[in-house]
Amino acid sequence: MSYKTVLVHVDKDKHAGERIELAAKIAMSEEAHLIGAAPTGVSRFVYQSRYIYEGGGMTTHLENHIEELRKDASDALKNFEEVVKKIGVQSYEARAVDDEAGGGVSLQARYSDLVVIGQTNPEEPSTTTLPDFPEFVVMNSGRPVLIVPYVGHYKTVAKRVLIAWDASTSATRAVTSAIPLLKRADNVDVVVFNAESKGDAHGEQPGADIGLYLARHGIKVNVVRQKTDIDVGNALLSISTDLGSDMIVMGGYGHSRFREILLGGVTRTVLESMTVPVFMSH
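What comes next concerns the included structure.

Cut-offs and rules
- Residues numbered from 1 in each chain as written.
- Predicted model: local features only at pLDDT ≥ 70, side-chain atom pairs only at ≥ 80, totals over all residues.
- Heavy atoms only, no water.
- Axes fitted to C-alpha atoms, helices over the stretch in contact; angles between N-to-C directions.
- Helix = DSSP H or I, 4+ residues; strand = E, 2+ residues; numbered from the N terminus.
- Parallel < 35°, antiparallel > 145°, perpendicular 65-115°, else oblique.
- Left-handed = near helix turned anticlockwise from the far one by under 90°.
- Contact = heavy atoms within 4.5 Å.
- Nonpolar A, V, L, I, M, F, W, Y, C, P; charged D, E, K, R; others polar.
- Buried < 20%, exposed > 50% of the residue type's maximum accessible area, 1.4 Å probe, protein only.
- 1 Å grid on protein atoms, 1.4 Å probe; cavity = no way out; pocket = protein on both sides within 12 Å on 5 of 7 lines; lining within 4 Å.
- Points joined across faces, edges and corners; volume = space filled by probe spheres on them.
- Core = buried A, V, L, I, M, F, W, Y, C linked by side-chain atoms within 4.5 Å.
- Polar contact = N/O pair within 3.5 Å; in protein donor to acceptor, adjacent residues only side chain to side chain.
- Arc of directions from axis to C-beta.

Packing of helix 1 (residues 16–30) against helix 3 (residues 60–87) brings their axes to within 10 Å, and their N-to-C directions diverge by 45°. With respect to each other, helix 1 and helix 3 are oriented oblique. The chirality of how helix 1 crosses helix 3 is right-handed. Together, I20, E21, A24 and M28 of helix 1 and N79, F80, V83, V84 and I87 of helix 3 make up the contact between the two elements. Residue composition of the contact of helix 1 with helix 3, grouped by class: seven nonpolar, one polar and one charged.

The backbone of A158 shows a phi angle near 65°, a positive value even though the residue is not glycine. Structurally, the position occupied by A158 is in the loop between strand 5 (145–148) and strand 6 (160–164). In this structure A158 comes out as buried when scored by relative accessible area, which is 3%. A positive phi angle, near 65°, is found at A167, a position not held by glycine.

Unoccupied space between atoms shows up once a probe the size of one water molecule is rolled over them. Of the volumes computed, that of the largest pocket is approximately 520 Å³. Lining the largest pocket are 29 residues, and of these G118, Q119, T120, N121 and P134 sit closest to its centre. Residue assignment for the lining of the largest pocket shows that the elements contributing at least two residues are helix 1, helix 5 (133–140) and helix 10 (265–273). The residue inventory of the lining of the largest pocket, partitioned by class, reads twelve nonpolar, nine polar and eight charged.

Counting 48 residues, the largest nonpolar core has L34, V161, I163, L182, M247, V249 and F279 as its most contacted members. Per-element tally for this core: the top contributor is helix 1, with seven residues. Residue contacts for I163: discarding those within four places in its chain leaves V175, L182, V188, D189, V190, V191, L214 and V249.

What follows is about the environment of S273. Here S273 shows up in helix 10. Remark: the alpha-carbon pair of S273 and P149, spanning 124 residues in sequence, is separated by 8.6 Å. Discounting residues that sit within four places of it in the chain, S273 has contacts with Q119 and L237.

As a further point, take the side chain of D11. Mapped onto the elements, D11 comes out in the loop between strand 1 (5–9) and helix 1. A distance of 3.1 Å separates the side chain of D11 from the backbone nitrogen of D13, its partner in a polar contact. At 3.4 Å, the side chain of D11 and the side chain of R19 are in polar contact. Leaving out residues up to four positions away in the same chain, D11 has contacts with A16, R19, A76 and T129.

Given 3.6 residues per turn, any residue in an α-helix points the same way as the ones three and four places further on. Turning to helix 8 (residues 208–215), its buried residues are I210, G211 and L214. The arc that holds the buried residues of helix 8, viewed along the axis, is 105°, so those residues lie on one side. Check the buried side of helix 8 and you find it contacts strand 6, helix 6 (169–177), helix 7 (179–184), strand 7 (187–193) and strand 8 (221–226).

Honestly, that's just the spatial picture; any functional story needs more than this.
In structure tokens form, the structure reads like this:
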């Protein structure tokens, strides 16, 4: 298994270069095709409106606004091309997408193996990306998503990986989808919190089965069993710091109710407070 197509969300956010660089390095190591997708923020449904096609048309103000949004996307893609050329990616394309960010990236993701996006910065709200963008993509893309924090610089990723293992289907999907990165890691720690609360899901030796599964893929694994009285999300972030992890792999828990995303507590805590890139799958 390998990644043949990597998709990265591109916008004019000042931290976009960090995620583009990270996505480019993964594409290089996997010899994958890299797509930079820049949603304009213009819903594709605007052009499907009966009002427009029946002669109502768009006002000059709306036309000008759409043109500005498209220019912003074009400028963001120029930055994308500059970064990937500098890194040396051989196969790439810059793609402007007439859609809002969540729906546009989720749709493009279905033709990719891995999606790279950024964490929402509550102090710098985007004019084109809704605050729930990361969780929306995780829940709706059907693909593994690597979320890059809005602070920090990441010279390496997936060299020392921490897997949050709870024997759930979401965690299983995340681990399986991360195998190409895990194979390149120098070390992989599997942490199991409060295993006794999961009944017989973990087997007689919590973490042993997933450790053996990964070892058969040639992955170096260390299993860590922990009991915690604090919430698991903060415990996970704490141990990632203690172990010097540069990426967390975990399942994403939640469901959609109309546009609202209802997340599990651990998922929400990590999305809000992550300090290293998080590889997540729903």
